[in-house]
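A structural walkthrough
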Amino acid sequence: MAVGKKTGGRKAGTPNKDNANLKERIMALMEGQFDSIVADLQAMEPKERIAAYQRFLEYVLPKQREQKIDLSTLSDDQIDDLLNKTLDKLN
């Protein structure tokens, strides 16, 4: 089978209309059932409710990646400075 140049189809970067339509329909369904969803969440055991919240958050907040910093290359003064700046941001 010979591999040829792709012809037809969507151009790169063009959104998939079917996916957009499906997302809109799911959003409308969720909005229409919001009160029922809230009641269902309230009826859950706390452990189940927290697990549900965590699953919802995956669609709202970006996943955080672990940040690794090699502190062995920094002096004690540089580490103290970084720590102080971090604590200042938290306050």
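Further up the page is the structure itself.
In this report, the structure presented in the accompanying data block is examined. What you are looking at is a predicted structure, and each value in this text was computed from that prediction instead of being measured.

Description of the overall build of the chain
Scanning the chain from N- to C-terminus turns up four helices and zero strands. Ordered by position from the N terminus, the helices and strands of the chain form the series α-α-α-α. Its C-alpha radius of gyration of 24 Å places the chain more than 25% over the 12 Å reference for a compact globule of 91 residues. Counting only C-alpha atoms, the chain reaches 60 × 55 × 25 Å along its principal axes. Across the 91 residues in the chain, those meeting the buried criterion constitute 3%.

Some details on the layout of surface pockets
The space that makes up the largest pocket amounts to roughly 400 Å³. Lining the largest pocket we find Lys23, Ile26, Met27, Met30, Glu31, Phe34, Ile37, Val38, Leu41, Phe56, Tyr59 and Val60.

Some words on the environment of Thr73
Relative to the helices and strands, Thr73 resides in the loop between helix H3 (46–57) and helix H4 (76–90). Sequence-wise, Thr73 and Glu24 are 49 residues apart; in three dimensions their C-alpha atoms are separated by 50 Å. Within polar-contact distance, the side chain of Thr73 engages the backbone oxygen of Asp70 at 3.2 Å.

Some points on the pattern of salt bridges
Side-chain pairs of opposite charge can arise where the charged atoms are in close proximity. Scanning the model with the defined rule gives one salt bridge in all. The partner of Lys85 in a salt bridge is Asp81, with the nearest N and O atoms 3.4 Å apart. Placement of both Lys85 and Asp81 in helix H4 is noted, with a separation of four residues, approximately one turn of the helix. With relative accessibility at 37%, the residue Asp81 sits in the partly exposed group.

What counts, and at which threshold
- Residues numbered from 1 in each chain as written.
- Predicted model: local features only at pLDDT ≥ 70, side-chain atom pairs only at ≥ 80, totals over all residues.
- Heavy atoms only, no water.
- Helix = DSSP H or I, 4+ residues; strand = E, 2+ residues; numbered from the N terminus.
- Rg over C-alpha atoms; globule rule 2.2 N^0.38 Å.
- Buried < 20%, exposed > 50% of the residue type's maximum accessible area, 1.4 Å probe, protein only.
- 1 Å grid on protein atoms, 1.4 Å probe; cavity = no way out; pocket = protein on both sides within 12 Å on 5 of 7 lines; lining within 4 Å.
- Points joined across faces, edges and corners; volume = space filled by probe spheres on them.
- Polar contact = N/O pair within 3.5 Å; in protein donor to acceptor, adjacent residues only side chain to side chain.
- Salt bridge = Lys/Arg side-chain N within 4 Å of Asp/Glu carboxyl O.

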